[in-house]
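Residue-level listing of the chains:
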Amino acid sequence: MQVGLYLLLVLHIAEGCKLKDGKLEEITAYTGGSALLPCYCTDPQATPGRFTWKKLSTNIDIMEEMSSERSQYRDRVQLVNGHSPGNLSLLISLLTEEDGGWYICEVEGSIKDIILTVKGCSPTNHMTTLEITAHTGGSVLLPCSCAELRAKPKTFSWNKYINPNWDMITFESDQYRDRVQLFNGHSPGNLSLLISHLTEGDGGDYRCHLESGYTDISLTVKAAPTLRTSTLPSSTMSSHEAAPTLRTSTLPSSTMSSHEAPTLKTSTEPSSTMSSHEEAPATKLTPTLSRNIQTSVEPTATISSQTGNSPLTNARAEPPQSLPFVPFGLVTVIILHIIVAVVYHTKRNKVLETARIYYNSADEAVSL
């Protein structure tokens with residue numbers, strides 16, 4: 001049994017590292033970022049005798065061995081096999097477009113091929129001029145960004161044209177101190193410039209300059225518009241004066257028939273001296289009706305009799321109720337009929353009483 005275990009251990013050590021996957025792999029990354037080139041042994045605990053990373057040189061068309069001592073890769077490349085000796089992956093940081101190309105991981109005659117594509121920053125508005133208008137005292141955003149927002153340019157600068165040169169804008173200069181900032185908080189490819197507390201002197205031509213191109217911006221700063229407020233003419237009524245009072249009057253009609261109702265004339269007159277604490281005047285009703293009117297007047301205006309309320313809401317003006325009118329001629333005729341009836345009845349009773357009197361021939365006495 002011990003002999004069998006010894007033979008298996010010897011075979012394992014002799015076998016060494018065999019790459020897990022030898023297929024070609026393509027990886028895309030962005031400038032300023034990082035890229036992990038994968039390379040694994042089939043057994044993560046296997047320790048390879050010797051391995052190398054190489055890159056195809058486009059100038060001489062040969063595979064050059066990579067080393068962290070070379071200036072091109074110094075402080076930018078490292079292995080990530082801290083806990084697994086069979087992990088031979090290579091991490092490249094602070095990528096540049098020159099890092100793109102063909103890489104191979106070679107272990108004891110086995111090769112892993114990787115193609116790395118590094119996308120750089122090219123301005124979205126390459127060699128174009130944008131026109132922007134702003135106002136003094138406000139802020140303005142000068143737009144500039146990479147076509148790939150995840151790509152970070154190696155170098156870039158903002159410049160302003162001061163005849164005859166392009167002067168670089170620095171955050172420490174007296175002209176721009178505490179007034180300018182970059183607007184790339186979450187996207188490394190956003191290079192926009194924010195200028196606050198604008199003055200007319202900030203107007204002019206600006207340029208966002210990158211290695212792969214530039215974007216020009218023409219900024220015009222105008223004086224801030226003044227806010228004009230117009231006040232409507234007001235009469236002598238103050239803010240404490242009451243609302244206009246409602247006066248209701250009944251127009252007399254000399255020719256109104258007994259079936260016609262009187263009309264109400266409503267007029268609204270502003271009160272220039274009444275305060276909000278004074279009681280609104282009572283509604284004036286002046287009915288002047290002829291004797292032929294038999295219908296009652298229905299009020300059409302609403303007033304308020306309580307102090308402080310508007311005289312136009314939640315109350316009803318009710319005219320005094322008149323008694324039913326009886327025509328004078330009819331009363332006269334009725335009275336005359338009553339008098340005639342009384343006189344006739346009196347006379348008739350006297351005649352009947354006379355007729356009932358007779359003489360008694362025997363005793364010549366009068367009996368009733």
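The structure displayed is predicted, hence computed values, not measured ones. Each chain has its residues counted from 1, running along the sequence as written. Restriction of local features to residues with pLDDT of at least 70 applies here, the model being predicted, together with a cutoff of 80 or more for giving and counting side-chain atom pairs; totals for whole chains, interfaces and linings are based on all residues. In computing side-chain properties, one takes all heavy atoms of the structure into account and sets aside hydrogens as well as water.

## Remarks on the sheet that holds strand 11 (residues 156–162)
Strands belonging to one sheet form pairs held by backbone hydrogen bonds; the direction of such a pair is parallel or antiparallel. As a reminder, the rule being used: Between any two strands, at least two bridges found by DSSP are needed for them to pair. In DSSP terms, a helix is any run of H or I states spanning at least four residues, a strand is any run of E spanning at least two, and both are numbered starting from the N terminus. Orientation is described by lines fitted to C-alpha atoms, with helices fitted over the stretch in contact, and by angles between N-to-C directions that extend from 0 to 180 degrees.
Pairing in this open sheet of five strands is mixed, and the strands run 9-16-15-11-12 from one edge to the other. Single-partner strands in this sheet number two, and they are strand 9 (129–135) and strand 12 (165–168). Direction aside, the axes of adjacent strands within the sheet are offset by 30 degrees on average. The pairing of strand 11 with strand 15 (residues 204–210) spans five bridges and is antiparallel.

## Description of the environment of tyrosine 161
As a reminder of what qualifies: The contact rule is simple, with two residues in contact once any of their heavy atoms fall within 4.5 Å. Distance and chemistry together define a polar contact, namely a pair of N or O atoms within 3.5 Å, with one atom able to donate a hydrogen and the other to accept it when in protein, and with adjacent residues in sequence counting only for side-chain atoms on both sides.
Residue position: tyrosine 161 is located in strand 11. A sequence separation of 44 residues divides tyrosine 161 from aspartate 205, and the C-alpha atoms of the two residues are 5.6 Å apart. If sequence neighbours within four positions are ignored, tyrosine 161 has contacts with Trp166 and Asp205. Within the local environment of tyrosine 161, its side chain forms a polar contact with the side chain of asparagine 163, the two groups lying 3.2 Å apart.

## Comments concerning a nonpolar patch on the surface
What counts here: A patch consists of residues exposed above 30% relative accessible area that lack any salt bridge, with like charges linked at up to 9 Å and nonpolar side chains (Val, Leu, Ile, Met, Phe, Trp, Tyr) linked at up to 5 Å. Computed with a 1.4 Å probe, the accessible areas rest on the Shrake-Rupley method; for each residue, only the protein chains presented here act as cover. For this analysis, a salt bridge means a side-chain nitrogen from Lys or Arg found within 4 Å of a carboxyl oxygen belonging to Asp or Glu.
Together, Val331, Ile335, Leu336, Ile339 and Val343 give the surface a local cluster of nonpolar side chains, amounting to about 400 Å² of exposed area. Locating valine 331 in the fold gives a position in helix 2 (residues 328–355).

## Describing the pattern of salt bridges
Put simply, the rule is: Only protein chains enter the accessibility calculation, which uses a 1.4 Å probe; a residue is then buried when its area is under 20% of its type maximum, exposed when over 50%, and partly exposed in between.
The full count for this structure, using the stated rule, is eight salt bridges. Aspartate 174 is the salt-bridge partner of arginine 177, the closest N and O atoms lying 2.9 Å from each other. Take arginine 177: its relative accessible area is 43%, and that puts it in the partly exposed class. Ionic pairing is found between arginine 207 and aspartate 216, a salt bridge with its closest N-O pair at 2.7 Å. Both residues of the pair, arginine 207 and aspartate 216, belong to the buried class.

All quantities given are derived from atomic positions and should not be read as evidence of function.
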